[in-house]
Amino acid sequence: MFAPNSYRVRFATVEDADTLSRLAERNSQQPLVGRVLIGQLDGTPAAALSLHDGRVIGDSSPRTGPLVATLRMRASGIRAFEATPSLPDRLRAAFASYNGGSTVAPVPRDGHAEHEPMRIAA
């Protein structure tokens, strides 16, 4: 591994199209499609990973190996985050299972449920 300040991982932008094309040409591969993560070593793009299909392109430098591992870890984290339901959805699911999956019917204002016979004082 290398020091955390020697690399940077970020999403590719439109301005990175030429850089991604050059990296793909060096590897004799097609350019990456979809959302792409770019890994930079010392400020220079050295590897890229497509979140769409998981393909990686990069320099053949030995320093690129740990960067590719970092890109794969970051991609896994992004996919896990995107697959996780939102907090409100998780809370609704938790309360539904806590209540047995049913909802509680409101009690009328007079204090008697509809299925109970009304008691009249004699």
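Everything discussed here concerns the structure shown above.
Residues numbered from 1 in each chain as written. Predicted model: local features only at pLDDT ≥ 70, side-chain atom pairs only at ≥ 80, totals over all residues. Heavy atoms only, no water.

**Here's the deal with unusual backbone geometry**
Now for step 1: The residue S28 is not glycine, and still its phi comes out positive at about 55°.
Now for step 2: Structurally, the position occupied by S28 is in the loop between α1 (17-26) and β2 (36-41).
Now for step 3: Taking the relative accessible area as the measure of exposure, S28 reaches 69% and is therefore exposed.
Now for step 4: At D42, a position not held by glycine, the phi torsion is positive, near 50°.
Now for step 5: Within the secondary structure, D42 sits in the loop between β2 and β3 (44-50). (Helix = DSSP H or I, 4+ residues; strand = E, 2+ residues; numbered from the N terminus. Buried < 20%, exposed > 50% of the residue type's maximum accessible area, 1.4 Å probe, protein only.)

**A few points about the pairing of β2**
Now for step 1: Among the 6 residues in β2, 6 count as buried, and that is most of the element.
Now for step 2: On β2, burial covers both faces: V36, I38 and Q40 on one face and L37, G39 and L41 on the other are all buried.
Now for step 3: Relative to β2, strand β1 (residues 7-11) runs antiparallel, the two sharing 5 bridges. By the bridge assignment, R8 is partnered in β2 with Q40.
Now for step 4: Linkage of β2 to β3, two consecutive antiparallel strands, is achieved through a turn of 2 residues, within which D42 is found at a positive phi near 50°. (Pairing = 2+ DSSP bridges.)

**Quick look at α1**
For an α-helix, 3.6 residues make a turn, and residues three or four places apart therefore share a direction.
Now for step 1: Where α1 is concerned, the buried positions are T19, L20, L23 and A24. Projected down its long axis, α1 carries its buried residues within an arc of 135°, all on one side. Residues of α1 that are exposed and angled more than 90 degrees away from the buried face: D18, E25 and R26.
Now for step 2: Where α1 is buried, its residues meet β2, β3 and β4 (56-58).
Now for step 3: At the exit of α1 stands S28, carrying a positive phi of roughly 55°. (Arc of directions from axis to C-beta. Contact = heavy atoms within 4.5 Å.)

**Observations concerning the side chain of D16**
Now for step 1: Tracing the sequence through the fold places D16 in the loop between β1 and α1.
Now for step 2: Given the relative accessible area of 7%, D16 is considered buried.
Now for step 3: A distance of 2.8 Å separates a polar side-chain atom of D16 from the backbone nitrogen of T13.
Now for step 4: With residues near it in sequence (within four places) discarded, D16 still touches R10, F11 and I38. (Polar contact = N/O pair within 3.5 Å; in protein donor to acceptor, adjacent residues only side chain to side chain.)

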